[in-house]
Amino acid sequence: GSARPRPLSWVLPQSETFPKREACEADDNLRALCATLREVAINREVLAAVSNKNIFPMLRLFVEGFRKANISNAMIVALDDETSKFVRSLGAASYTRILVSRTRSTDNHATSGLKFAVLRDFLLVGCSVLLSDVDVVWLQNPFTLPSLYRDSDVEGMTDGWDDTSAFGYQWLPPGGG
């Protein structure tokens with residue numbers, strides 16, 4: 001059998017107003033996120049992808065894909081103003097969070113490391129987020145599937161294909177490398 005979900009210990013109790021008012025008033029970034037979540041979140045949940053200006057063709061396909069999969073609570077976290085403008089031109093929901101890596105690089109690995117700061121924002125305001133990469137094709141709405149356990153505030157993805165590689169260990173064939 002499959003694992004059973006455990007009850008979620010909500011960051012923001014279900015009896016409280018979403019998004020969390022005190023967090024939304026903390027700074028301009030969180031105010032902007034809260035405004036977007038009020039329009040996009042369904043049952044305090046969103047599908048979010050983080051992107052910058054380096055991958056507009058892929059980002060366009062991602063937006064087209066989540067629309068075709070009828071995921072209405074999807075949004076893009078834009079890491080720069082150009083991406084925010086591009087996402088708005090596609091008519092998709094966007095939250096602009098200007099972040100740069102320590103190395104100032106804008107490649108995919110540097111951008112990936114910024115996701116933790118973005119996740120923090122979502123959790124501060126009480127939103128459960130399914131964080132997706134933009135190179136993922138969604139064939140159906142994951143929020144309608146029983147396989148989404150909803151036993152954590154953050155559901156993530158990995159490029160791993162088994163338990164070992166999914167947790168960041170290097171895979172070696174039998175007998176070594």
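What you see is a predicted model, and the numbers here were worked out from it, not measured in a lab. Residue numbering note: each chain is counted from 1, following its sequence as written. Per-residue local features of the predicted model are confined to residues with pLDDT of at least 70, and side-chain atom pairs are confined, for both listing and counting, to 80 or more; whole-chain, interface and lining totals are unaffected and use all residues. Side-chain measures here rest on the full set of heavy atoms in the structure, leaving out hydrogens and waters.

Trainee: How would you sum up the nonpolar core? Please name residues and give values.
Mentor: It is characteristic of soluble globular proteins that their nonpolar side chains tend to be buried jointly. In these notes, a set of buried Ala, Val, Leu, Ile, Met, Phe, Trp, Tyr and Cys residues joined through side-chain atoms within 4.5 Å is what counts as a nonpolar core. Relative accessibility under 20% of the residue-type maximum defines a buried residue, over 50% an exposed one, and the middle range a partly exposed one, all with a 1.4 Å probe and only protein chains included. Leu-33, Leu-37, Val-46, Ala-48, Met-75, Phe-122 and Val-125 are the most contacted members of the largest nonpolar core, which has 25 residues in total. By the criteria applied, helices consist of DSSP H or I runs no shorter than four residues and strands consist of E runs no shorter than two, each listed in order from the N terminus. Among the elements of the structure, helix H1 (21-24), helix H2 (28-40), strand S1 (45-51), strand S2 (74-78), helix H6 (115-124) and strand S4 (128-132) are those that each provide at least two residues to this core. Among the elements that take part in this core, H2 stands out by supplying 5 residues, more than any other. With 20 residues, the next largest nonpolar core counts Leu-59, Phe-66, Val-136 and Trp-138 among its residues.

Trainee: Would you mind going over the packing of aromatic side chains in detail, with residue names and values included?
Mentor: Stacked, tilted and edge-to-face are the three classes assigned to paired rings of Phe, Tyr and Trp, where Trp is represented by its six-membered ring and a pair needs centres within 6.5 Å; plane angles under 30 degrees give stacked, over 60 edge-to-face, the rest tilted. Evaluation of the coordinates by the stated rule reveals 3 aromatic pairs. Here the aromatic rings of Phe-56 and Phe-86 are separated by 4.1 Å at their centres, their planes lie at 5°, and the arrangement is stacked. Of the two residues, Phe-56 is situated in helix H3 (residues 56-68) and Phe-86 in helix H4 (residues 81-89); the sequence distance between them amounts to 30 residues. Among the residues examined, Phe-86 registers a relative accessible area of 12% and is labelled buried. Ring centres 6.5 Å apart and planes at 90° place the aromatic pair Tyr-95 and Phe-122 in the edge-to-face group. A residue pair is termed long-range when its members are at least 10 positions apart, and Tyr-95 in strand S3 (residues 94-96) and Phe-122 in helix H6 qualify at 27 residues.

Trainee: Can you break down unusual backbone geometry residue by residue, with the values?
Mentor: Cis geometry is found at the peptide bond from Phe-18 to Pro-19, where omega equals -10°. Looking at the secondary structure, you find Pro-19 in the segment before H1. Phi is positive for Asn-43, close to 55°, though the residue is something other than glycine. Take Asn-43: its relative accessible area is 65%, and that puts it in the exposed class. Positive phi is not limited to glycine here, since Asn-70 has a value of about 60°. Mapped onto the fold, Asn-70 is located in the loop between H3 and S2.

Trainee: Describe the environment of Leu-79, naming the residues involved and giving the relevant values.
Mentor: By the element assignment, Leu-79 lies in the loop between S2 and H4. According to the relative accessible area criterion, Leu-79 is buried, its value standing at 5%. Once residues lying within four places of it in the same chain are set aside, the contact partners of Leu-79 are Val-50, Ser-51, Asn-52, Arg-97, Ile-98, Leu-99, Thr-111 and Leu-114. Pairs of residues are marked as contacts when any of their non-hydrogen atoms sit within 4.5 Å.

Trainee: Talk me through the environment of Thr-144; I want residue IDs and the actual numbers.
Mentor: Looking at where Thr-144 falls in the secondary structure, it is placed in the loop between S4 and strand S5 (154-155). When the C-alpha atoms of Thr-144 and Ile-71 are compared, they prove to be 9.5 Å apart, with 73 residues separating the residues in sequence. Within 3.5 Å is the distance limit for a polar contact, defined as a pair of N or O atoms, with the added protein rule that one can donate a hydrogen and the other accept it, and that residues adjacent in sequence qualify only through two side-chain atoms. A distance of 2.7 Å separates a polar atom in the side chain of Thr-144 from the backbone oxygen of Asn-141.

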